[in-house]
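The primary structure of each chain is shown beneath.
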Amino acid sequence: MPGRAGIRAASGRGPNRRTLLAGAGAVAAAGLLTGCPPGDGGGRSGRFRAAFTAGGSQETLDPHVAPNFVDQARAKALFDTLATYNDDMSVRGRLAESWESDASGRRWHIRLRKASFHDGEPVTAKDVLYSYRRAADPKTGSPSQQLLSAVDFGKSRASGARELTLVLKDPDFEFPTAFAGPGTEIVPEGTTSFRHPVGSGPFRYASFKPGGIAHFVRWKGHWAGAPRISDLEIVPVNEESARVNALLSGQVQYAGDISGSFIDRLEHADAVRVLTSRGATAQQLLLRTGRAPFDDPKLVEALLLGVDREALVRVALAGRGTVGNDLFGKGLRGYPAELPQRERDVERARDLVREAGAKGLSFTLETSTVDASWESASTLIARQLGDVGLHVTPRKRASTTYFSEIKEKGVAALNTTSTLPVSDFLQQRLRSGVARNLTGFDSGRFDELMDRARSTREEKERLGLLHRAQRIARDESGMLVWGFSDAHDGVSASVKGLRSAVPNSHFWARFDDVEPS
């Protein structure tokens, strides 16, 4: 694949009670119907509005803090990354024209393409080093902090305006996947404020109010060519029914993250079409193995055997998804497809509960409105685990603080993760002690296999080591992956230039490719 050691990287461009009137009103209240100034030329005119669930008054345009879909969509418009993911999570170049490693896998030489920031200044190697150093700082909160912390910035150097060498602390032949990770956008050296951000993306900043509309205008100086639309508005519409109705009424041309319960309605509407990516999001039940009662492996195994994954997909996902096998990345490179599907075994689960001395145990399952499937999933999980002698009570937390709260509170929680390279997910979410390890999984054997895998040059051997690591994680990590939900976005039928794509990939929310109707 492009970006592997010794190979030059290929570059590439890239139903519900709310009425239509109520949905339109919710969007109008968000300020959608206000005007906007024209773009700056370089293509056809046209304003495009995209609706997403927003994060409220604490939102920022800092691209290195991008936990939600709306954050990533705004970052993709304003900024650019060294690389991006293809649909299969292989890596394709963006600002990086090429990359290659030395024989050890520790020194990665990167050549940048000729590109400029919105203020006309060139994108340089020093900007990359500054951006990566900032994203690697745990205080910043980048989703890719764990991956970029592998860089020894004291030894890494810019060898020219458009060339740099990143020196890693340890060999890593999987490292180029970090170039495309969320929260790795390149910003001008020295940037500390993002109130009026300067990026190198296809759109430049016009206005933004946290919790409100983000307005961007076409930038004719983008290295890949100017966007076809003159103006992009990313609009906060938190209620799913309101997003759907805004799309149907024509107030927005794109509605992101639509759940299965609304898809039939959209599929029968002539004015819109649905962009569906199969199995894009891993649906997880996280058990805190570092805390009682789930520090007992028998109880963890009891839950793995007590949950009916097929029923969860059928009910919570309305059949729009696939059954999980307690591992992330089904169908992607590095996923151990040879493992047999884990089936529900109520009798064995009851025996394990008794052996753990946990019969009648009560615990709370943390949930939220973050994902539309979670309410029914939490109710169904509670009922299923009741069959094996456990009492589970779902507790709904606020969506704006959910992910920060479950890091510190509770022993069980629902979670989702969009598509990422398998190796990156394992490195970021299951390594001992990493910030995004939400189960507290701590396995020296797993960590050792991950180290060996990433430092192994030969691909077949590297994948074999990843498979061995995942066998351990599947049984011991406390991450129960019960399903993979399809990702659905709605778009006006007249809009051209958008196609289905998994979140985090190149073509997802690629609004600079939109052709105005």
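Small disclaimer: the values here were computed from a predicted structure and weren't measured.

Draft legend 1. Fine view of the overall build of the chain. Per the secondary structure count, the chain includes 14 helices and 17 strands. Relative to the 2.2 N^0.38 estimate, which gives 24 Å for 517 residues, the radius of gyration of the chain is 23 Å and therefore close to what a compact globule would have. Its C-alpha atoms put the chain at 70 × 60 × 35 Å along the principal axes. Carbon and sulfur atoms make up 48% of the accessible area of the chain, which amounts to about 20,200 Å² in all. Across the chain, the 70 positively charged side chains and the 62 negatively charged ones have centroids separated by 3 Å.

Draft legend 2. View of the environment of Ala 412. The topology assignment puts Ala 412 in strand β16 (residues 412–418). Sequence separation between Ala 412 and Thr 456 is 44 residues; the distance between their C-alpha atoms is 35 Å. Setting aside anything within four residues of it in sequence, one finds Ala 412 in contact with Leu 285, Leu 286, Leu 287, Phe 294, Phe 363, Thr 364, Leu 365 and Glu 366.

Draft legend 3. Highlighting the packing of aromatic side chains. Counted by the stated rule, this structure contains 14 aromatic pairs. Measuring from ring centre to ring centre gives 5.4 Å for Phe 48 and Phe 511, while their planes differ by 40 degrees; the resulting arrangement is tilted. Pair noted here: Phe 48 is in strand β1 (residues 47–52) and Phe 511 is in the segment after β17 (479–492), with a separation of 463 residues, a long-range link. This pair shows no difference in class: Phe 48 is buried, exactly as Phe 511 is. A connected cluster of aromatic rings, assembled from ring pairs, spans Phe 48, Phe 52, Phe 69, Tyr 254, Trp 508 and Phe 511. Positioned above the aromatic ring of Trp 223, the side-chain terminus of Arg 113 is 4.0 Å from the ring centre.

Draft legend 4. Highlighting the side chain of Lys 76. With respect to the helices and strands, the residue Lys 76 is situated in helix α2 (residues 69–78). An unpaired buried charge is present at Lys 76: no salt bridge exists, and Asp 512, the closest side chain of opposite charge, is 7.4 Å distant. Excluding residues within four positions of it along the chain, Lys 76 makes contact with Pro 202, Ser 505, His 506, Trp 508, Ala 509 and Arg 510.

Draft legend 5. Representation of the packing of helix α12 (residues 422–429) against helix α13 (residues 444–454). One can describe the packing of α12 onto α13 by two numbers: an axis separation of 11 Å at closest approach and a directional angle of 140 degrees. By the criterion of interaxial angle, the relationship of α12 to α13 is oblique. Taken as a pair, α12 and α13 cross one another with a handedness that is left-handed. Residue-level inspection shows Ser 423, Asp 424, Leu 426 and Gln 427 of α12 in contact with α13, the latter providing Phe 446, Met 450 and Arg 454. Split by residue class, the contact of α12 with α13 holds 3 nonpolar, 2 polar and 2 charged.

Draft legend 6. Representation of the sheet that holds strand β7 (residues 163–167) within the structure. In space, the 4 strands of this open sheet follow the order β4-β5-β7-β6, with antiparallel pairing throughout. The open sheet is flanked by β4 (96–101) and β6 (157–160), the only strands paired with a single partner. Direction aside, neighbouring strands of the sheet carry axes that sit 20 degrees apart on average. Here β6 runs beside β7; their pairing, made up of 3 bridges, is antiparallel. The residue of β7 that forms the bridge with Gly 160 is Glu 163. Packing of helix α3 (residues 125–136) onto the sheet brings it into contact with β5 (107–112), β6 and β7, and relative to β7 it is tilted by some 30 degrees.

Draft legend 7. Region of interest: α12. Counting buried residues along α12, 8 of its 8 residues qualify, which places the element largely inside the surrounding structure. Taken as a whole, α12 has its buried residues at Val 422, Ser 423, Asp 424, Phe 425, Leu 426, Gln 427, Gln 428 and Arg 429. Taken together, the buried residues of α12 touch β2 (83–85), α4 (145–148), β16, α13, α14 (459–476) and β17.

Draft legend 8. Inspection of the confidence of the model for the chain at higher detail. Scored by pLDDT, the chain comes out at a mean of 90, with 91% of its residues at no less than 70. Contacts for the low-pLDDT stretch residues 1–26, under 50 throughout, to residues beyond four places or in other chains number 63 contacts. Residue range residues 33–44 is modelled with pLDDT below 50. Its contacts to residues more than four positions away, or to other chains, number 36 contacts.

Draft legend 9. Inspection of the side chain of Thr 84 at higher detail. Relative to the assigned elements, Thr 84 resides in strand β2. Take Thr 84: its relative accessible area is 8%, and that puts it in the buried class. Those residues in contact with Thr 84 that lie beyond four places of it in its chain are Ser 90, Val 91, Arg 92, Arg 94, Ala 180, Ser 505 and His 506.

Draft legend 10. Seen up close, the pattern of salt bridges. What the rule picks out here adds up to 35 salt bridges. Here Glu 267 and Arg 320 are joined by a salt bridge, their closest N and O atoms 3.6 Å apart. On the criterion of sequence distance, the pair formed by Glu 267 in helix α6 (residues 260–267) and Arg 320 in the loop between α8 (309–315) and β13 (321–323) is long-range, its members being 53 residues apart. Judged by relative accessible area, which is 44%, Glu 267 ranks as partly exposed. One salt bridge connects Asp 326 with Arg 342, and the closest N-O pair in it is separated by 2.7 Å. Here the residue Asp 326 occupies a position in the loop between β13 and α9 (346–355), and Arg 342 occupies one in the loop between β13 and α9, the gap between them amounting to 16 residues. Since its relative accessible area comes to 2%, Asp 326 is described here as buried. Judged by relative accessible area, Arg 342 falls into the buried class, the value being 13%.

Reading the values: rules and limits
- Residues numbered from 1 in each chain as written.
- Predicted model: local features only at pLDDT ≥ 70, side-chain atom pairs only at ≥ 80, totals over all residues.
- Heavy atoms only, no water.
- Helix = DSSP H or I, 4+ residues; strand = E, 2+ residues; numbered from the N terminus.
- Rg over C-alpha atoms; globule rule 2.2 N^0.38 Å.
- Areas by Shrake-Rupley, 256 points an atom, 1.4 Å probe, with all protein chains shown as cover.
- Lys, Arg positive; Asp, Glu negative; His and termini not counted.
- Charge placed at Lys NZ, Arg CZ, Asp CG, Glu CD.
- Contact = heavy atoms within 4.5 Å.
- Phe/Tyr/Trp six-rings, centres within 6.5 Å; stacked < 30°, edge-to-face > 60°.
- Buried < 20%, exposed > 50% of the residue type's maximum accessible area, 1.4 Å probe, protein only.
- Lys NZ or Arg CZ within 6 Å of the ring centre and 35° of its normal.
- Salt bridge = Lys/Arg side-chain N within 4 Å of Asp/Glu carboxyl O.
- Axes fitted to C-alpha atoms, helices over the stretch in contact; angles between N-to-C directions.
- Parallel < 35°, antiparallel > 145°, perpendicular 65-115°, else oblique.
- Left-handed = near helix turned anticlockwise from the far one by under 90°.
- Nonpolar A, V, L, I, M, F, W, Y, C, P; charged D, E, K, R; others polar.
- Pairing = 2+ DSSP bridges.
- pLDDT = per-residue confidence, 0-100.

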